[in-house]
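# Observations on the three-dimensional arrangement
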Amino acid sequence: MKVMPLTSRGISTSRLVLGCMPFGGGWNNDPITETDRLSAEKAVDAALSIGISMFDHANIYTRGKAEETFGGILRNRPQLREQMVIQSKCGIRLADGSVPGHFDFSKEHILESVDGILGRLGIEYLDILLLHRPDPLVEPEEVAEALGQLKSSGKVRYFGVSNMSVAQMRFLQRSIPDQFAVNQLEMSLGHLDFLNQSILVNQESGANVNFSEGLMEHCQMENIQIQSWGPLAQGRFSGRSVEDEPENVQKTAALVQQMAQEKGTTPEAIVLGWLMKHPAMIQPVIGTINAERIIACKDAERQSQLMTREEWYCLYISARGQAMP
Ligand SMILES: NC(=O)c1ccc[n+]([C@@H]2O[C@H](COP(=O)([O-])OP(=O)(O)OC[C@H]3O[C@@H](n4cnc5c(N)ncnc54)[C@H](OP(=O)(O)O)[C@@H]3O)[C@@H](O)[C@H]2O)c1
């Protein structure tokens with residue numbers, strides 16, 4: 001049986017990941033409320049109840065409050081830590097006064113960020129640290145020094161990237177001895193360029209595709225886990241109102257609903273199962289904080305195994321709004 005790249009590296013994890021971006025309230029400096037804490041804990045419990053063991057963070061989510069809220073749950077229930085794979089990200093600086101938001105892969109920023117992450121989560125080590133978005137001013141040797149220090153001090157076990165092209169991964173990897181374990185990118189029925197890139201080689205319409213050429217193949221060859229952010233397409237195909245959406249979205253939402261009914265499952269499981277059928281063994285990072293919707297994702301892996309090639313293409317073509325070339 002095929003195994004996930006992360007599993008084959010010795011990281012035992014679920015196929016689905018819970019994205020913790022909405023934890024802790026808004027992206028402001030308001031204090032975390034009891035309601036925020038309770039809804040986060042309900043989401044974590046719902047995730048655990050369907051076998052999700054991996055949790056995705058970033059130091060910037062709700063300005064640090066997402067990690068702080070999660071840390072509060074772990075402080076009350078420390079036995080949960082060892083059952084979890086905890087991933088976070090750094091490398092983005094939010095706007096501050098007159099300084100606009102920007103990216104920062106300097107050694108100092110990476111080291112400081114990880115100390116902040118561990119402090120807020122209240123844990124000794126991160127399982128995986130991702131470099132959040134490519135910084136054009138990156139000096140790979142500097143990143144290598146930072147990651148080397150984090151590894152040798154035991155603060156981080158594995159490293160990865162997010163929103164990076166093949167060239168950017170290779171450029172960094174020349175200086176970094178630890179092989180990246182993850183690349184996290186936006187992929188869903190509503191964000192299809194990861195597939196369009198491979199079917200439009202040598203086609204004029206391929207000029208409009210916005211996905212790093214060969215990235216899917218590179219990650220598969222190098223045993224790098226591809227994670228998809230935005231995998232539910234913010235609910236556009238699984239129950240959110242589509243009244244104002246284009247025709248292809250409306251038709252695809254109806255097709256998802258029909259398939260779910262015929263198969264006795266949920267629209268969420270169809271939408272995620274479609275992504276998970278890809279041979280790269282994509283790991284969806286779901287961003288819902290609604291416990292019922294989290295539970296509605298439970299059947300996704302099974303649906304990915306049951307989905308036929310024809311069904312998979314029907315969904316792809318419908319969402320693309322165009323026949324295959
Ligand atoms: N690496 C990156 O650059 C990056 C960027 C963005 C996000 N991420 C990660 O990926 C995770 C997921 O991203 P995402 O939030 O964009 O993904 P998503 O799972 O596609 O969307 C989740 C959002 O859609 C809403 N939603 C889902 N189904 C719905 C329905 N049927 N009706 C109404 N609303 C519905 C959810 O609201 P409810 O909570 O009310 O269900 C939530 O706001 C984040 O938590 C974060 O961990 C990473």
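Our structure is the block above this text.
Residues numbered from 1 in each chain as written. Predicted model: local features only at pLDDT ≥ 70, side-chain atom pairs only at ≥ 80, totals over all residues. Heavy atoms only, no water.

## Digging into the overall build of the protein chain
- A tally of regular secondary structure across the protein chain gives 13 helices and 10 strands.
- Here the protein chain has a C-alpha radius of gyration of 20 Å; the compact-globule value for 325 residues is 20 Å, and the two agree.
- For the C-alpha atoms alone, the extent of the protein chain along its principal axes is close to 50 × 45 × 45 Å.
- Buried positions account for 53% of the 325 residues belonging to the protein chain.
- When contacts within the protein chain are restricted to residue pairs at least 6 apart in sequence, those whose partners lie at least 24 apart make up 76%.
- Positive and negative charge centroids in the protein chain, built from 30 and 39 side chains respectively, lie 4 Å apart. (Helix = DSSP H or I, 4+ residues; strand = E, 2+ residues; numbered from the N terminus. Rg over C-alpha atoms; globule rule 2.2 N^0.38 Å. Buried < 20%, exposed > 50% of the residue type's maximum accessible area, 1.4 Å probe, protein only. Contact = heavy atoms within 4.5 Å. Lys, Arg positive; Asp, Glu negative; His and termini not counted. Charge placed at Lys NZ, Arg CZ, Asp CG, Glu CD.)

## Concerning the packing of aromatic side chains
- Under the criterion given, the structure shown has 9 aromatic pairs.
- For the ring pair Tyr313 and Tyr316, a centre distance of 6.4 Å and an interplane angle of 40° mean the geometry is tilted. Highlighted residues: Tyr313 and Tyr316, both in helix α13 (residues 309–320), separated by 3 residues, approximately one helical turn.
- Each member of the aromatic cluster is reached from another via a ring pair, and the members are Phe194, Trp274, Trp312, Tyr313 and Tyr316.
- Between the NZ or CZ atom of Arg81 and the centre of the ring of Tyr125, over which it lies, the distance is 4.3 Å.
- Above the face of the Tyr158 ring, Lys151 is positioned so that its terminal group lies 5.3 Å from the ring centre. (Phe/Tyr/Trp six-rings, centres within 6.5 Å; stacked < 30°, edge-to-face > 60°. Lys NZ or Arg CZ within 6 Å of the ring centre and 35° of its normal.)

## Here's the deal with the packing of helix α3 (residues 65–76) against helix α4 (residues 107–121)
- Packing of α3 against α4 leaves a shortest axis separation of 7 Å and a crossing angle of 45°. Classified by the angle their axes make, α3 and α4 are oblique. Side by side, α3 and α4 meet where Glu67, Glu68, Phe70, Gly71, Leu74 and Arg75 of the first sit next to Ile117, Gly119, Arg120 and Leu121 of the second.
- In the contact of α3 with α4, the residues fall into 4 nonpolar, 2 polar and 4 charged. (Axes fitted to C-alpha atoms, helices over the stretch in contact; angles between N-to-C directions. Parallel < 35°, antiparallel > 145°, perpendicular 65-115°, else oblique. Nonpolar A, V, L, I, M, F, W, Y, C, P; charged D, E, K, R; others polar.)

## Focus on the sheet that holds strand β1 (residues 17–19)
- On the basis of which strands lie adjacent, the closed barrel formed by 8 strands has the order β1-β2-β3-β6-β7-β8-β9-β10 and parallel pairing. Here the strands of the sheet are splayed against their neighbours by 30° on average, with no regard to which way each runs.
- With 2 bridges joining them, strand β7 (residues 156–162) and strand β8 (residues 182–186) adopt parallel strand pairing. Directly across from Val161, in β8, lies its bridge partner Asn183.
- Most of the contacts of helix α5 (residues 140–152) go to β7, to which it runs at about 145°, and overall it touches β6 (126–131) and β7. (Pairing = 2+ DSSP bridges.)

## Things to note about the pattern of salt bridges
- Inspection of every chain in the model, using the stated rule, returns 15 salt bridges.
- Between Arg240 and Glu245 there is a salt bridge, with its nearest N and O atoms 3.6 Å apart.
- For Arg240, a relative accessible area of 41% corresponds to the partly exposed category.
- For Glu245, a relative accessible area of 22% translates into the label partly exposed.
- Among the ionic pairs, Lys251 bridges to Glu247, the shortest N-O distance being 2.9 Å. Taken together, the residues Lys251 and Glu247, both in helix α9 (residues 247–263) and 4 residues apart, mark about one turn of the helix.
- Judged by its relative accessible area of 54%, Glu247 is exposed.
- When salt bridges with common partners are traced through the structure, they connect Glu41, Asp45 and Arg77 into a single cluster. (Salt bridge = Lys/Arg side-chain N within 4 Å of Asp/Glu carboxyl O.)

## Some points on the environment of Asp45
- On the secondary structure map, Asp45 appears in helix α2 (residues 34–49).
- Along the backbone, Asp45 and Ala296 are 251 residues apart, and their C-alpha atoms lie at a distance of 14 Å.

## So, the side chain of Arg15
- Secondary-structure assignment places Arg15 in the loop between α1 (5–8) and β1.
- We note that Arg15 is buried and unpaired, the nearest opposite charge coming from Glu301 at a distance of 4.2 Å.
- In terms of polar contacts, Arg15 uses its side chain to reach the backbone carbonyl oxygen of Met276, at 3.3 Å.
- Side-chain polar atoms of Arg15 contact the backbone oxygen of Ile282, separated by 2.8 Å.
- Among residues more than four places away in sequence, those in contact with Arg15 are Met4, Met276, Met281, Ile282, Gln283, Pro284 and Glu301. (Polar contact = N/O pair within 3.5 Å; in protein donor to acceptor, adjacent residues only side chain to side chain.)

## Quick notes on helix α6 (residues 166–173)
- Along α6, the positions that sit buried rather than exposed are Val166, Met169 and Leu172. The arc enclosing the buried residues of α6, seen along the axis, measures out at 135°, which places them on a common side. Turned more than 90 degrees from where α6 packs its buried face, Ala167 and Arg170 sit exposed.
- Tucked into the core, α6 has its buried residues touching β6, α5, β7, β8 and α8 (215–221). (Arc of directions from axis to C-beta.)

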